[in-house]
Structures are given as C-alpha cells and as structure tokens.
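Observations on the model geometry
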Amino acid sequence: MERPRHQGMAKNTYMRWRLPLVCLLWEVAMIVLFGVFVRFSPEADAHWEEEKRKMNLTSDIENDFYFRYPSFQDVHVMIFVGFGFLMTFLKRYGFGAVGFNFLLAAFGIQWALLMQGWFHSFQNGKILIGVENLINADFCVGSVCVAFGAILGKTSPIQLLVMTLFQVTLFAVNEYILLNLLHVKDAGGSMTIHTFGAYFGLTVTRVLYRPNLEQSKDKEGSVYHSDLFAMIGTLYLWMYWPSFNSAISEHGDAQHRAAINTYCSLAACVLTTMAFSSMLQKKGKLDMVHIQNATLAGGVAVGTGAEMMLTPYGSLIVGFICGIVSTVGYVYLTPVLESRLHIQDTCGIHNLHGMPGLIGGIVGAITAAAATQDVYGKEGFIKAFDFTGSYKTRTPSVQGGFQAAGIVVSLLMAFAGGALVGAILKLPIWGDAADENCFEDDIYWEVPEDEESDVYHMHNPDKPASP
Amino acid sequence: MERPRHQGMAKNTYMRWRLPLVCLLWEVAMIVLFGVFVRFSPEADAHWEEEKRKMNLTSDIENDFYFRYPSFQDVHVMIFVGFGFLMTFLKRYGFGAVGFNFLLAAFGIQWALLMQGWFHSFQNGKILIGVENLINADFCVGSVCVAFGAILGKTSPIQLLVMTLFQVTLFAVNEYILLNLLHVKDAGGSMTIHTFGAYFGLTVTRVLYRPNLEQSKDKEGSVYHSDLFAMIGTLYLWMYWPSFNSAISEHGDAQHRAAINTYCSLAACVLTTMAFSSMLQKKGKLDMVHIQNATLAGGVAVGTGAEMMLTPYGSLIVGFICGIVSTVGYVYLTPVLESRLHIQDTCGIHNLHGMPGLIGGIVGAITAAAATQDVYGKEGFIKAFDFTGSYKTRTPSVQGGFQAAGIVVSLLMAFAGGALVGAILKLPIWGDAADENCFEDDIYWEVPEDEESDVYHMHNPDKPASP
Amino acid sequence: MERPRHQGMAKNTYMRWRLPLVCLLWEVAMIVLFGVFVRFSPEADAHWEEEKRKMNLTSDIENDFYFRYPSFQDVHVMIFVGFGFLMTFLKRYGFGAVGFNFLLAAFGIQWALLMQGWFHSFQNGKILIGVENLINADFCVGSVCVAFGAILGKTSPIQLLVMTLFQVTLFAVNEYILLNLLHVKDAGGSMTIHTFGAYFGLTVTRVLYRPNLEQSKDKEGSVYHSDLFAMIGTLYLWMYWPSFNSAISEHGDAQHRAAINTYCSLAACVLTTMAFSSMLQKKGKLDMVHIQNATLAGGVAVGTGAEMMLTPYGSLIVGFICGIVSTVGYVYLTPVLESRLHIQDTCGIHNLHGMPGLIGGIVGAITAAAATQDVYGKEGFIKAFDFTGSYKTRTPSVQGGFQAAGIVVSLLMAFAGGALVGAILKLPIWGDAADENCFEDDIYWEVPEDEESDVYHMHNPDKPASP
C-alpha cells in the first residue's frame, strides 16, 4: 500500500485468538444450556402417538409441522440468503455481508431458542421446542440482521456476536412485554422485528459514529455484478415475505389472509418505488439502491395488520405509501441523518425497516381499532384478537390503544438498548477496523489474490486489457 | 462518448415524468378497482369458522392454503427469480432483465387478479380471492415474462407496462375461451401461457422490427459471470417446474401425478439438449445458451398433459423430443427467423416456449383423446376431465378435438393481439432506445461508474492490468 | 496459446460424437425401461378415489404428496443449485460445475428411479413411483454429486455419466443391504449417501491420480465473485438440510424431530467452523473454503441420528465437533492426502462428507444402542426403529451393532466400487483433459470471448484500465 497511513491503521484487527475464543466459549454455553433446558415439544417427541390420542387427532397431517414447515423454510431462506445477499451490494464486502450474516444468525437462532423459550415455551423446567420455535428464532434473528444493515462494513465479527447476544435478549424481553403483557398482535413483526431492529441498529451506529468515514467512501458503492448479487437477496425477501407474515398466524384463514395481504402490499410497493426512483433523479434513471430496498417496505408495513381483515385494497394502499416513503427516505433523509444526526446507516435500514415498521405498527393499531364483529364474524373476531380469558372484555378500540403502546415500548427498548450496546461495542477491545479500512473484506477474510483479468488474459495473451 | 452519433441517438429515452406517471396512475387505478371489487375468499376470510361448519370440514388443514401454498411459492420464485435471472445472460442488461421483469410482474399480478377474477371468481359483484387466485395471477404474468424474452433489451419500461396491461387482458379472455367455453384442460398452461405468450411476443417483436439492430450486436452476448447468473434462473425454473404444472390441478392424485410427469420430462430434456448442443457445433463444445434454455422445454411441453395419465415414460418421450427440437431451433431456426421473417427474438422464446408450447398442446390433445375408463377408473375419468354437468356426455375423442381447437384459438389470439399491441408500442411516445443503445442498462438505470478493476488494483498497486 | 505444449495437449477432448451418442443411447434406454417397468403409485394414479376408500382416507390431504412435496422441492434445490453452485468456486470452471452437475443429476435421477424401484417399489412386475421415490432418486444422485466433488475439473462429461451409471447402481445395492438386509435406519443418509459417496469418489480420484496436476494449479483457486456464487450453493444446502434429513422419515413426529435436530447441529457447526478457520491461520483471517464447506458438516453428521431422539443438545454437540473436524481436515489433512496418498480431492469432500459421514454413522449407532422405551414411549420405540415382523425382538444394542455394520459395508462398497469404476474411467477413450487443461471450462464449453473490461471501457473510452 503506497497510500499514507492514518492513525487508524494502528487499530488491531487481529482476530486469531479473540474470535475463536468467543465462538467456542459461547457455543459451549449453548450446549450446556440446551442440555439443561431444551427438549422436544410433544409434536416432535417420540411419544407423539400417545399425544395424538390425547388431542383426539386422527391423522399425522394434523401435526403442526405440516401447517408451518413450508413457511419456516421460506423464512429461513429470507434470513440467510435474503438478508445475506441483500447486503452484498458493496463492491468489496460480499464475504463480510454473507459470511458475518451467516455467523451472527447461526449463533442468534440458538440463543433465541433459549430466550424466547424461557418466556413462551417453558413447562416444568424445560423449554419444549417445535417448528414454531424455529420460526420465532429466525424472526428474532431477523431483527439482528436489520440492525446489522446499519453498521455493515464498520464492525468486527466479534462486535457482531456481542451485539447479537444483547439484541436477542432485549428482543425477547420486548416481545414478551408486547405479546404477553400488552396482549398485542404482531405476527409479522412490524413492531417487534422491524421497528425494534431498525431503531436499535440506528442507535448503535450513532454511538459508533465515525467522523472520518469518508476515507472509505470509494468502497461504499457497488459494482455491476455486486448489484446483481444483491438482487438475489431482494427477490427472495420479496417473494417469501408472504410466508414471513403468515408463518406464525393461527391455522387456517389467518395464515391464508396474511399471505394474500402481504402479496398485495408488496406488489403495489414495487410500482411506487420505481415511480419515485425515476422521479427523484434528474436524469430520470432508476437507482438500484431503491429497487433493492424500497420495494420491500410494503412487506414490513403489513407485518402487524396482514393477519387482520386489512383487505387486499387496504394492503395496496399501505404498499403504495411505503414505496414512496422509503424511496424518498433514501434520497433525502439518509444524507441528512448522516450530516446532521451523525447516523451512518450503510444499508439505509431507516428507510426499509424504520419508517415502514412504524407505519406497520400504526396500520395494525388502526385496523385493530376498526375491527367489528360484522367484518370478522362472532367467532372470527374473538379468534383474530384472542379476546379470551382475561382479555374477554377488551374492545377493538382498547386493543388499538394497546397496539399503539406496543410501538412506543418497542421504540424505547430500541433506543435504550441500542445506547447500551453501542457503548459496549465502543470499547477498544473488539478489533474493529480503522476508518479507511471499512467496507473492505481484506481485513477479516482471506481474499483471493488473483485478478479475474489474469484469467481472461490467459485466453487472449495478445490482447491488452486497455483499449 | 467519442463514437459517431447515429440518427437514433436523437431518441428521447428520458423517463423522469412518463414512467412515474404511468406507474402512479395505474397503481391508483388498481387500488380503486380492488376497493370496489376484491374481497377475501371464504377460506381466507375471518368468517372461515362458520364456513368450515358449512363445508363439513373437521380440520384447518383442509383449507386450500395447505394444499397449494408450497406450490404457489415455487411458482412465485419461477416468475421473479426464474424468469428474471434467466434473462441476465446479456453482458450489460442485468439490471433491466431482473428489474423490468420485477416491475412488469408486480403490476401484472394485480391486473391479473382483477381480469381473471371477473371471469372466474366473481360472486355477487365481488371477486373473492384465495391462494389459487394468486397462483393464477402468477401464471398469467408468466406469459408476459415469456413475451418479454422476445423484446428483451429493445423496449422501454413504459412499453413493457403497456404490453403487460394488454397482454394480461388478452390472456384472461383467451383463458376464459379455452377453460370455460371449450372446456379444455390446461393446468400447466402449454397453450394459455406458453403458446399464447410466445407467439404474442414474437408478433410484437416482428412489428417492432429494428433493421439496424446489428449496431448493438457487440452487446447482445454474454460474459462469463452473466452466464452463471442466468443459470440461477434456469435451475430455479427447472427445479420448480413440477410445482408449476401441478399448482392448480385437482387436490390429490392429479397434483401428485402432474409433479411426477413434469419431473420425468425435464430430466430427459437435459440429456437430449446436451447431446444436440455438442453435436450441432463443429468443435463439439456445449453452448450455454442451449443449456440455459432448451433444458426447460420439457416442462413447457407437458404443461397440458402432466395432470393426465401421460405416464412417466410418456413424459420421458416428450422431454426427449423437446430437448432436440428446442436446441435445433436455437442453432438453425432463430437466425432464419431474423434474416427471413424479421423476427428478432432476443432470448429465443420461439425455441423455449413457442414450439414446445405447441407440442404441449398437441400432446395434451392426444393424451385426452386416448383416455379410457380403464386407465383412469370410472371416477378418475370423470374427475380428470371434469365430465360433469353439461359436459357429462363428452367423449375423450371429442375432448381431444376441443383441446386441439384450444391451440388454434391461442395462436389466433396471440397473432391478433400481438399485432395490435405491437402497433401501439410502435408509437414514438414510449421512450424506447435507439438501435445502437439496445441491450444496455445505461439508458434507463444508474449504473455504478467504478470499474471492478479499480478495486482489484487497489490491492496490488504495482501490478498493471495489462499483461 | 504461446505457452509450450506438454505431451498432455495431445489428448483428444473432442466430444462431438461421443457425448451425444452416450446421452442419446442412454436416454433411449431409460425410455424403454420406464415403458416396461414404471407406473404411478396408487396415490398418483387416477384410480386414487378408489384407493382412498380402500385406505379409509377421508381427505385428499392424506395423500403422501402433501406430507412430502415441500421437502422434496427443498431436496431438489439442494441437488441442483446446492451442489451445482457450491462447486462454482473455481475461477474458470463455473460452467462445468453447474452444467455437468445438471447433466449427471438429470441422468442419475432416472436411473435411480429404476434401480431403487426394482429394490423397493416393485409390485407385480411394475415399479410404482410417487413423491417418495422422487426424493430417494434425488438422494441417490446426491451421493454422485459428492463424488463429483473429488474429481471436479479433471474429468470429461462422458466420464461423469459413466461414473453416474455405476455409482447409482452400487448405491442402490448398498442401500438395499443396509435398509433391507441389515434393517438399519439412515433417513438422512450419513452412511448410504455421504460415507459411500465420499469414499467412492476418493477412491476414484486416487485411481485417476494425475502426478502433473500442478500444471493447472493457477486455475485451482477462486476469484472474488466465484466465491460468492459458491456461497449460494452453501447457503441453500445449509438452509434446506433440515428438509433433507427429514424428507423420508415417518409422518408426524419423526419428520418434525429430524428437522429440529438438523437445524441445531448446523447452527453449532457454523460457530466452530468460524472459530477454527480463524485460529488455524497465522493472520487469523477467515477462509472462504472453510465457510463454504465445513459449515455443512453438521448436517451430514446427523443424517442417521436426526430422526432418533438425539435431542437438540445432542445435535449441538455433533455439530460442534464436526465443524472442528472438517475445518482441521481442510487445513491439515487434504494436503497430506494429496502428497502422501496421491488423493487429489478438489472440493475436499473427505472433510465435508467423508469424516462427517463416518461420525454420522457412529452417532446413529450410539443413539440407536442407547434407545430406551422410557425415552421413546412404547409405541414410539417400535415405530422409530421399525421393530416389527421379524425384527420384533431386536434390542437397541443389537440395532446399534447393525448400524455399525452398515458403516463398514458402506465403506467396503465404496472402496471396491470406486476402484472398479476408477479403472474403467482410466481407459483412454473418454476424452478427459490434459493435466495442464484441468479446471478450465474452455475445453468442453463455448466460453464467451468478450472480456468484461471491454464493456466497462466502452463507457469510459478515455480511461485506461491500468492505474
């Protein structure tokens, strides 16, 4: 490297002992905790035949596995390929995008099985897990993937693991408050996953503010093929989002409805994204950043309402609005957030998850408040909002109020948690890169040294590369 | 650009106001029409509990969602990733391939829900949608994606949206004639999707003939990595085609059988494609164009017959033939179509969808005509061809005749519709590119300016790129 | 080519008549054999309505299609996209990796339907196929894809087809011995697929040893984007592995349990892979080869035990160990295998499938031997190990012994079969490439001649490529 060395170069990004230590210790901890706590749910246990008789089920197809496994696999693809490849848009951070996402998600789902298990599936001292727990663990990690988008390219793998540990913990607490204490509906996680994940990540990146990040600006863009890799992520997120929002809804009509609403919202979102991407640019050309991200905002924004009677046209309206809000955010808000508020948001998660998540929470609150027995049917009404037991007398408008409270709680948890975790990640022991080495795989990965052009030339030795 | 400017350069490809206007107006129209017409089907509506009692269903698993949702998601992937990435083979049109496919499909599925809804799911003034409607909407858009293949790289996004509007409309009319008036079986759409889509697209590209397209010939090829991206599309189409052909078949054996037949046909098709790709080339080397496309012809060609008792060996024979027909088409027919008939078919859809679609229609007609109660069983026979109501007395040979009529109708609709739509697209108001700027993302997309080589060099500043 | 020509250059790699001949003849043979033998299983046959009554099924959802089709599609993706793209890591062998994998798998599934059909689904002179047969055929081909990994880049497509023919045959025999004669459980194929496939492939590559392969060493590495393409393969294998290990397990709890165990094992495996990848490298950087491969070892190693009561923490332990074993294998064992034993293992299948497969067999034997009626329940115990009929009195420890015997049989079949097939492939008639042309698509594929850089320069004619 001929370039002058900045003070940042002194940073120690050597991972050899630190990263293995964290990975191995934490995995051992997982094994011990799983050994003590985690067992199969009755539907996955070999005693299932007895259980079937107890539950009066006549067929194996009634096993929850067959209701949810296809959706689970779609969600699984969204977390690992969807988020992983969406973030490969940077020209030289593809390994980090896919690889670190892989690492944090693989750890996160284990820790989420435990955290969510203690809160929701704890019976007689054991966490009983089935396919729904796997989906919920993936969901929880989804919020970490969202936050990862804000700090992409600026953190070490150890920082990401530390953030995952804390964020999964806080996610589970927040989720418990919303779902159990406030009795809020949020099947697709507009509040618990997206709002919480986004504002958590934005707070973390604010605390980790790098004033000299412009030293890496040349690497903070895409190249032609990295934009195509990112589109793999975009499309898998977009296509499977109906599965995401319906994965843990009630069996039957609720799952069915959630998928349809999400499908509609996403379709509308693509058109307004394209419209505003072209409109907000002098030359009228489309911008891949918008297509890769803002087209997904419609899925985020029906995360709460999709399983309700939002109706297809209601979903179109939500998608319509979110495509606009998100694209406008990329063009006007992201630069302001960086220059004024010192929030460096690599993937623009504020536009894709933050604002649409808030809209999703509000849409959910309004849809709940507007619910009537006429629209839902008597049984459907009770089933949709689980107005049973101590919630038997709750009215739609009260439910709407609690839904709104859920947004506020998620935001507060995100800000407080993000500030705490940001402070921890600022400690100079985690091996993050210097400002000039951000967005660069070379720091943490063995990058193949051969250039592609070498190979091309091999075939045409007489043909120089320059014109 | 130092190169001499051709008269074509004067073409106005500025999208800034036109594209947003079309997108926004049309999306608003969708919202209004959905608001007036579209509601949930009983299986997706919150009144489902009541419906369940009415239909005597004992379990939520009987909801159509669980019969069809996994297939729906596979079809969804085929439309957006399959078709989208299949068309990324061009060296500098990857954004357009994936992005415009995304745009037209997202609009098309909404319009298809309406058009097909009016024809097939209209009850008491409302279109009632469930998962089967989503699949059908994807199918309808599939025929637009096919047509897009013929004009790939030569049209503006507005032209694509206009074509989608008309083609979806015509598709729905054609489908209504075939399925309802002729009472034809076509679950995988050999006729309605592939034959119609291909000859529609070929007629459009004929009308839009560009005599000076050779000015863009240098961009009408692939590079190494663009061919790999295209293989992502190919493989997802290939793998999920069994889901495509079985997605809307009758519950039970018909879905099961359609998947098996398609699986067999596709497997055979790969071998004959490879054989002829090597055989028809002097050096005996395999050509990626054939592997990317002709391997799929077997799926197209069992689109009508797959749910019938075509049998596995019958499917192998169909696949065997189609791999040959399609590959031979790429080598000998496509150049002739261009030079003699002035049909410029960018992706060779005539070889992948046109001829195999016709074969599929014929195979379906023969299979139907050959059906016997012995082979199908008494109940199976009636169920397979829906010989109930006013069709109670129809015989297999008559059914075969109507199937054949379905091919002719589809062709006529394609030619007439394509001519009409081609004429509309020829109007000089849609912003298509000059001949020398075809197959080039730069016209409609912000393309990253940095070269990859810059980044590579950063790591080896002393190493020049030229040998 | 200016480079001096080695004697190897004389090798005749001309495929024009040989490859088509093999493909066409074999496909015709498939058609004839399918015509004679293959029919639909009752659940895919049009007589299904009658069958339903016979089996006392009240709903179409009881058709095996709905129990297994989603898993089938996941497995299908693993074979074609998973294995195909995993092997695209080589800088100039992407076409061969994806394309030849496509070819051999498409042939292999047909031959596997026959071979496995004769052994397992043969009734009254006919092989009756349903969705479970399709899964099993994909499984069988999976073992060929494993073996392909060892000889990647060094064999002609004809050699691959010949190997597939023999390996599928031997696979079916070995599977019959294990499942039917030894009455061994191996739902995810640790023994039948991975152990057999890996040691078969390693024996073949040993027989085909190329002492002068270092002449191609410059092409035996990756470039930046080829590593990202490979990650597509890795992630799809990783995400869908729970479907793989559960795809043919018993309906209900066994499928459910197998998916959960595999999910856990794979998650743990990622962390130990990352830990050891960093630890075993002086600079402490992560190596893409490990991330692409060793992260999958956890799936291989629960292939036998996943459907048993291995428990989630048991699975974590297996994944923990296998991430380490596999990564250590890549760093220390692979070079030794090449230098000492002359085993040139392109993809390191010994580390990903060989050792983890053996571990999987052992884990399965131990888990079976440790089974008690207490843990499984009385019915569950019998169902899990199929202790019925002539196996009514078999005890867990005896079962464990037979499981262990299954490992030995698989190894012996692999070595003997690999030696035989290797000897056949060594005949100088199959058109394999010279040592200096290995890992090079140019030999068997039309490779696009245009360089990417040409295109880039087109946009910036004044900007030279060198700095």
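Calculation rules
- Residues numbered from 1 in each chain as written.
- Chains lettered and ligands numbered in written order.
- Predicted model: local features only at pLDDT ≥ 70, side-chain atom pairs only at ≥ 80, totals over all residues.
- Heavy atoms only, no water.
- UniProt positions renumbered as here; feature names shortened; annotations may be inferred.
- Helix = DSSP H or I, 4+ residues; strand = E, 2+ residues; numbered from the N terminus.
- Contact = heavy atoms within 4.5 Å.
- Buried area = accessible area lost by both parts, 1.4 Å probe.
- Salt bridge = Lys/Arg side-chain N within 4 Å of Asp/Glu carboxyl O.
- Polar contact = N/O pair within 3.5 Å; in protein donor to acceptor, adjacent residues only side chain to side chain.
- Nonpolar A, V, L, I, M, F, W, Y, C, P; charged D, E, K, R; others polar.
- 1 Å grid on protein atoms, 1.4 Å probe; cavity = no way out; pocket = protein on both sides within 12 Å on 5 of 7 lines; lining within 4 Å.
- Points joined across faces, edges and corners; volume = space filled by probe spheres on them.
- Pairing = 2+ DSSP bridges.
- Least-squares fit on C-alpha atoms with pLDDT ≥ 70 in both.
- Core = buried A, V, L, I, M, F, W, Y, C linked by side-chain atoms within 4.5 Å.
- Buried < 20%, exposed > 50% of the residue type's maximum accessible area, 1.4 Å probe, protein only.
- Axes fitted to C-alpha atoms, helices over the stretch in contact; angles between N-to-C directions.
- Parallel < 35°, antiparallel > 145°, perpendicular 65-115°, else oblique.
- Left-handed = near helix turned anticlockwise from the far one by under 90°.
- Expected span 1.5 Å × (residues − 1).
- Bend = angle between axes of the 7 residues up to and from the residue.

**A look at the UniProt feature "domain: Ammonium transporter AmtB-like" (unreviewed entry) in chain A**
- As recorded in UniProt, the sites labelled "domain: Ammonium transporter AmtB-like" (unreviewed entry) are residues 62-432 of chain A.
- From the first C-alpha to the last, residues 62-432 of chain A spans 49 Å; its make-up is 73% helix and 2% strand.

**A few points about the interface of chain A and chain C**
- Of the residues lining the interface, 93 residues belong to chain A; the matching set on chain C comes to 89 residues.
- Across the interface of chain A and chain C, roughly 8,000 Å² is buried in total on both sides, 68% from carbon and sulfur atoms.
- Considering only the side of chain A, the residues that lose the most area to chain C are Phe40(A), Phe102(A) and Glu446(A), jointly responsible for 9% of the buried surface there.
- Scanning the region where chain A abuts chain C turns up two salt bridges.
- For Lys383(C), the salt bridge goes to Glu49(A), with nearest N and O atoms at 2.8 Å.
- Joining chain A to chain C, the criterion identifies 31 residue pairs in polar contact (both at pLDDT 80 or more).
- Put simply, the parts of the chain that give the side of chain A that touches chain C at least two residues each are helix H1 (18-37), strand E1 (38-40), helix H2 (48-54), helix H3 (64-86), helix H4 (94-120), helix H5 (131-151), helix H8 (224-246) and helix H17 (452-459) of chain A.
- Ranked by residue count, the leading element in the side of chain A that touches chain C is H4(A), at twelve residues.
- Partitioning the side of chain A that touches chain C into residue classes produces 56 nonpolar, 17 polar and 20 charged.

**Things to note about empty space enclosed by the protein**
- Its boundaries defined by the atoms lining it, the largest cavity holds a volume of some 240 Å³.
- Lining the largest cavity are 21 residues, and of these Tyr66(A), Pro70(A), Tyr66(B), Pro70(B) and Pro70(C) sit closest to its centre.
- Put simply, the parts of the chain that give the lining of the largest cavity at least two residues each are H3 of chain A, helix H3 (64-86) of chain B together with helix H3 (64-86) of chain C.
- For the lining of the largest cavity, the class distribution of residues is 18 nonpolar, three polar and no charged.

**Brief notes about the pairing of strand E3 (residues 126-129) of chain A**
Residues and elements named next belong to chain A.
- Two elements, E1 and E3, share three bridges in a ladder whose sense is parallel. Each bridged residue has a counterpart across the sheet, and for Phe40 the counterpart in E3 is Ile129.
- Relative to E3, strand E2 (residues 122-123) is paired through two bridges, and the arrangement is antiparallel. Looking at the pairing, Phe122 lines up with Ile127 of E3.
- Turn length for the E2-E3 hairpin, with the two strands adjacent in sequence and antiparallel, is two residues, and the turn residue Asn124 shows positive phi of about 50°.

**Here we look at the relation of the copies chain B and chain A**
- In the superposition of chain B on chain A (RMSD 0.0 Å, axial shift 0.0 Å), the rotation amounts to 120°. With respect to symmetry, the two chain copies, as superposed, fit the operation of a three-fold axis.

**Description of the nonpolar core**
- Counting residues in hydrophobic clusters, the biggest one holds 458 residues, and the most contacted among them are Tyr236(A), Tyr236(B) and Tyr236(C).
- Not counting residues within four places of it along the chain, the set of residues in contact with Tyr236(C) comprises Val77(A), Val81(A), Tyr236(A), Tyr236(B), Val77(C), Met78(C) and Val81(C).

**Points about the sheet that holds E1(A)**
- Here we have three strands laid out as an open sheet, ordered E1-E3-E2 (chain A), and mixed in their pairing. Both outer strands of the open sheet, E1 and E2 of chain A, are each paired with one neighbouring strand and no more.

**Side note on the packing of H3(A) against H5(A)**
Residue and element names in this part refer to chain A.
- At a minimum axis separation of 9 Å, H3 and H5 run at an interaxial angle of 20°. Our classification of the angle between H3 and H5 gives roughly parallel. By crossing handedness, the relation of H3 to H5 is classed as left-handed. Along its contact with H3, which presents Asp64, Phe65, Arg68, Tyr69, Phe72, Val75, His76, Ile79 and Phe83, the element H5 presents Val131, Glu132, Leu134, Ile135, Asp138, Phe139, Val141, Gly142, Cys145 and Val146.
- Grouping the amino acids of the contact of H3 with H5 by side-chain chemistry returns 13 nonpolar, two polar and four charged.

**Observations regarding the pattern of salt bridges**
- Taken as a whole and assessed by the stated rule, the structure comprises 36 salt bridges over all chains.
- For the salt bridge of Arg53(A) with Glu379(C), the shortest nitrogen-to-oxygen distance reads 2.8 Å. One end of the pair, Arg53(A), is in helix H2; the other, Glu379(C), is in helix H15 (residues 378-385), on a second chain.
- For Arg53(A), a relative accessible area of 52% translates into the label exposed.
- Residue Glu379(C) is classed as partly exposed on the basis of its relative accessible area of 31%.
- Here the residues in one salt-bridge network are Glu49(A), Lys52(A), Asp60(A), Asp253(C), Arg257(C) and Lys383(C), joined through shared partners.

**Focus: the sheet that holds strand E2 (residues 122-123) of chain B**
- On the basis of which strands lie adjacent, the open sheet formed by three strands has the order E1-E3-E2 (chain B) and mixed pairing. Edge strands, defined here as strands with exactly one partner in the open sheet, are strand E1 (38-40) and E2 of chain B.

**Considering helix H13 (residues 349-369) of chain B**
Residues and elements named next belong to chain B.
- Here H13 contains 21 residues, and its C-alpha end-to-end distance of 28 Å stays within 8% of the 30 Å for a straight helix at 1.5 Å per residue.
- The axis of H13 is deflected most strongly, by about 25°, at Gly357.
- When you tally the buried positions in H13, you get 16 out of 21 residues, the bulk of the element.

**Concerning the interface of chain B and chain A**
- Taken residue by residue, the interface counts 93 residues in chain B and 90 residues in chain A.
- Counting the surface lost from both chain B and chain A, the interface buries some 8,000 Å², and carbon and sulfur atoms represent 68% of this.
- Looking at the side of chain B facing chain A, the largest losses of area belong to Phe40(B), Phe102(B) and Glu446(B), adding up to 9% of the total buried there.
- Of the residues forming the side of chain B that touches chain A, the biggest block, twelve residues, is contributed by helix H4 (residues 94-120) of chain B.
- When grouped by side-chain class, the residues that make up the side of chain B that touches chain A number 56 nonpolar, 17 polar and 20 charged.

**A short note on unusual backbone geometry**
- Positive phi is not limited to glycine here, since Thr311(A) has a value of about 70°.
- Mapped onto the secondary structure, Thr311(A) falls in the loop between helix H11 (297-301) and helix H12 (312-341).

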